[in-house]
Amino acid sequence: MSIIRQGSLFDMQDFYELEPSKRFEAVFSTLHMEPLLFAVNKKSVYGAPTELNYPAMIYALVARILERIPTIKDLIKRLTQDFMFRLDCGFLFSDRIPSEASFSRLTSKLSDSTALESVQHSLLLEAIQEGFVCDEIVAIDATHFESRDRSTPQEKKPSHESKKRGRKPKAEQEAFQLEVQERENQKSIYEKTIEAQLPISLEILRTEAPLEPNWGIKKNSEGKNTFWFGFKAHLAVGTNSQYILQSMMTSASLNDGKAAIPLLKGIQEWLPSLPIRYGLMDAGYDYVPIYQQLLNMKAYGIIAYNKRNEGEMIGFDEHFAPTCVREHSYRYESYDEKHRSLKYVKPKECETCPLSNDSLCQKVYKVKMDTDIRRYSAPGRGSEAWKKLYKQRTAVERVNAYLKEFFQLKNVRYRTGKKAKVHFDLITLVYNSTKLAVDRINKQMKEMKVAA
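Residues numbered from 1 in each chain as written. Predicted model: local features only at pLDDT ≥ 70, side-chain atom pairs only at ≥ 80, totals over all residues. Heavy atoms only, no water.

A few words now on the overall build of the protein. Across its full length, the protein carries 15 helices and nine strands. A principal-axis box enclosing the C-alpha atoms of the protein has dimensions of 90 × 80 × 40 Å. Expressed as a percentage of the 452 residues in the protein, the buried residues total 46%. Partitioning the contacts of the protein with sequence separation of at least 6, the portion at a separation of at least 24 is 67%. (Helix = DSSP H or I, 4+ residues; strand = E, 2+ residues; numbered from the N terminus. Buried < 20%, exposed > 50% of the residue type's maximum accessible area, 1.4 Å probe, protein only. Contact = heavy atoms within 4.5 Å.)

Turning our eyes to something else, we now look at the packing of helix H4 (residues 54-66) against helix H5 (residues 72-81). In contact at an axis separation of 11 Å, H4 and H5 are set at 105° when each is read in the N-to-C sense. Between H4 and H5, the interaxial angle falls into the category roughly perpendicular. Where H4 approaches H5, its residues Ala60, Leu61 and Arg64 are matched on the opposing element by Ile72, Leu75 and Leu79. Of the residues contributing to the contact of H4 with H5, the split by class is five nonpolar, no polar and one charged. (Axes fitted to C-alpha atoms, helices over the stretch in contact; angles between N-to-C directions. Parallel < 35°, antiparallel > 145°, perpendicular 65-115°, else oblique. Nonpolar A, V, L, I, M, F, W, Y, C, P; charged D, E, K, R; others polar.)

Using the criterion set out here, one finds 19 salt bridges in the structure. Between arginine 78 and aspartate 82 there is a salt bridge whose closest N-O contact spans 3.1 Å. Taking relative accessible area as the criterion, arginine 78 reaches 24% and is therefore assigned partly exposed. Residue class for aspartate 82 comes out partly exposed when judged on its relative accessible area of 25%. Residues joined in a network through salt bridges with shared partners are Arg23, Glu67, Arg78 and Asp82. (Salt bridge = Lys/Arg side-chain N within 4 Å of Asp/Glu carboxyl O.)

Before going further, it helps to spend a moment on the pairing of strand S3 (residues 225-238). Where a strand is regular, its side chains alternate between the two sheet faces. Of all 14 residues that make up S3, eleven are buried, and the element is covered over most of its length. The sheet contact formed by strand S1 (residues 137-146) and S3 spans nine bridges and is antiparallel. Looking across to S3, one finds that alanine 139 is bridged to valine 237. Two strands pair when backbone bridges link them, and strand S2 (residues 214-219) and S3 are joined in this way by six bridges, in the antiparallel orientation. Paired with asparagine 214 across the strands is glycine 230, a residue of S3. As consecutive antiparallel partners, S2 and S3 are separated by five residues, and within that stretch glycine 223 has a phi angle of approximately 80°, a positive value. Bridge count between S3 and strand S4 (residues 244-251): seven bridges; the pairing is antiparallel. Looking at S4, one finds that lysine 232 is bridged to threonine 250. Hairpin remark: S3 followed by S4, antiparallel, with five residues in the connecting loop; positive phi at glutamine 242, about 65°. (Pairing = 2+ DSSP bridges.)

Written out as structure tokens, the structure reads:
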């Protein structure tokens, strides 16, 4: 299950073959515990003293993911029976093993704070500073995972009276428009269009994201609809380093495209030193506001085109490249960043075409990106450069699969969205911690090899 860049001396599989003590020490050393301890410790000197070893409990939750221990009950059993595991997690001889209720209260305290996100942010900044993360390309995708809860029966909606057809009278038109505007104002930011997210701050986009489990639907590889009750994990992954640069958990019913702008804004505000140049996404993210957000970051969208009842463009091919009189496609050559225009040159067929010297044949064709930022990006759609970039989108799909298979993303043990988010944030944190630990070991091994 190697997820380290090609040419590494030491990969993730080798890391899991280390002794547990060394493995835990390497991962724990990457974590800044201060925000987590501040979130769970007592804020007052009054009241009963705290008898729990909170740092050891947090390390135990991290070790549970690394060791793929399915439940908290099994974690407590392991702490009770395995003396070395208990010491590796940081419990002292005098510490009692926490109960399931104690771990539940710890999770509740973490769910009321943004401590896990702060630790994730600090870890990424360290990885950037040490040179392990310097991605110019970010890939965004979503994956689903089920809730432990079962779906609740839906209440039957009251039947509405049939509306009268035709245009409303002028006397009623003004009242109707006010009613429509009032309904629009009452919607949350995620119930509005994606375009409404552009001027909204990152903090609001994060805090208002829907978390409660509900029904989701998507098409599988065979084109059939699949349903699940639970959540969606939205990830922004660096294609070169394969670190999770930003992550979000939402309800299953949220459209994938509505999580793209919060993820991109998170990279823009929290990781400004990253030189992001391209954003790779599938057709589910083909919306103009997402391209606009990328342009605001001085980046370009490499997004699969999603045709929405659009007619054929006369004079252009399927990739929106201009065509000649004989309907041969012009070839994308370059992009002029100063004038924001794409340059197309004459087709190869012009070499043998009898009209090559005719006035109807145009040798060079330039298209302004602002003509339609959804159809024209740099490099041009359908070009070899575009295809080569888009292939790197598999990085985020690979990370999605690793989180499910090896980091217990599919093993949600909580009923509420807030606690499930703690589980999700902890998983992404442990994944990045493991990546950083492996990269540091690789660096040490290379230095030792050079010194020898």
